[in-house]
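Report on the structure
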Amino acid sequence: MGTFAVLATGGAVAWWEYLGQDDSLARVRQAGVLRVGYALEAPYALLDPLGQPTGESPEVARAVARHLGLRTAWILTSFDHLIPDLLADRFDLIAAGMFITPERSSLLRFSRPTLRVRPGWLTLSSRSLTLDYSAVQPSASFRIAVLQGSAEETLFRQRRVPEAGLLSVADARSGQTAVLLGQASALALSLPTVRAMALSSEGRLAARPAMGPGTPTEQVALALRRTDTALADAIDQALAGYLGSPAHLDLLARFGLGPEDLPTSP
């Protein structure tokens, strides 16, 4: 690179900094590709019969990338590695059904919400359980499975439940297996996810909505690094015209979701 090019590049960086913006959008446009990290949890992120990522969050990310004129590159990781891998610049965007929480918001910049999610429980179909998030008390005899790094794990650990009362698992499939094998009495996860698991279990498992006044409702969003403000703004502009559109509603229907699952606010 010649001296003039170096000076020009440095001047461009300085000009972006002067404007109080960053070069994140210019960077991905120059590369022509949006790197997307995901972790498997139906219906938010899963693999199609050809082994390609699909699900609510990857398909929304695809729609955003098309709007920005970008290709997508997909990086599979475990749910608890999504945030560390994003911060380490392994990818530009998380598309994995991630809930917006205060703890995550201190580390990440979330897009406008793409989905509203109610919580649920996965249990053996032979067990008749009505579980209230605010009243259920995990214990050694009633162990609750939770995903490592999930909002459900954070909720229960804040209540300082007995260590033997929680079983931390790496992914949703591991939680499903724990319930089937009797290692956990129930898996605490989002209602859309446990419904998908129950439907594929040949009647062995049941999905039940969480009950009671303490039942939280979460919002799902795409997530970026806090410093990538220009890219985040462009993604939000793309989402503003897409969310709730006929194309978006058709997408939700493919994964057992509907208008009632649309986010409640930008």
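Check the entry above for the structure.
The structure displayed is predicted, hence computed values, not measured ones.

Some points on the overall build of the protein chain
Helices and strands together make up the secondary structure of the protein chain, namely 10 helices and 13 strands. Relative to its length of 266 residues, the protein chain is compact, with a C-alpha radius of gyration of 20 Å against a globular reference of 18 Å. Taken over the C-alpha atoms alone, the protein chain extends approximately 70 × 40 × 35 Å along its principal axes. For the protein chain, the residues scored as buried account for 49% of the 266 residues in total. Taking the intrachain contacts of the protein chain between residues at least 6 apart in sequence as the baseline, contacts between residues at least 24 apart amount to 71%. Summed over all atoms, the accessible surface of the protein chain reaches about 12,600 Å², with 55% contributed by carbon and sulfur.

Observations concerning the packing of helix H2 (residues 24-31) against helix H9 (residues 229-242)
Where H2 meets H9, the axes come as close as 5 Å, and the angle between the chain directions of the two elements is 75°. One way to sum up the angle between H2 and H9 is to call them roughly perpendicular. Note on element contacts: H9 touches H2 through Thr229, Ala230, Leu231 and Ala234, opposite Ser24, Leu25 and Val28. For the contact of H2 with H9, a count of residues per class yields five nonpolar, two polar and no charged.

What about the packing of helix H3 (residues 56-68) against helix H10 (residues 246-254)?
The geometry of H3 relative to H10 is characterised by a closest axis approach of 10 Å and an angle of 155° between their N-to-C directions. Of the possible angle classes, the one that applies to H3 and H10 is roughly antiparallel. Seen from above, H3 lies across H10 with right-handed handedness. Listed contacts from H10 to Glu56, Glu59 and Val60 of H3 are His248, Leu251, Leu252 and Arg254. Residues that form the contact of H3 with H10 fall into these classes: three nonpolar, one polar and three charged.

Rules used in this analysis
- Residues numbered from 1 in each chain as written.
- Predicted model: local features only at pLDDT ≥ 70, side-chain atom pairs only at ≥ 80, totals over all residues.
- Heavy atoms only, no water.
- Helix = DSSP H or I, 4+ residues; strand = E, 2+ residues; numbered from the N terminus.
- Rg over C-alpha atoms; globule rule 2.2 N^0.38 Å.
- Buried < 20%, exposed > 50% of the residue type's maximum accessible area, 1.4 Å probe, protein only.
- Contact = heavy atoms within 4.5 Å.
- Areas by Shrake-Rupley, 256 points an atom, 1.4 Å probe, with all protein chains shown as cover.
- Axes fitted to C-alpha atoms, helices over the stretch in contact; angles between N-to-C directions.
- Parallel < 35°, antiparallel > 145°, perpendicular 65-115°, else oblique.
- Nonpolar A, V, L, I, M, F, W, Y, C, P; charged D, E, K, R; others polar.
- Left-handed = near helix turned anticlockwise from the far one by under 90°.

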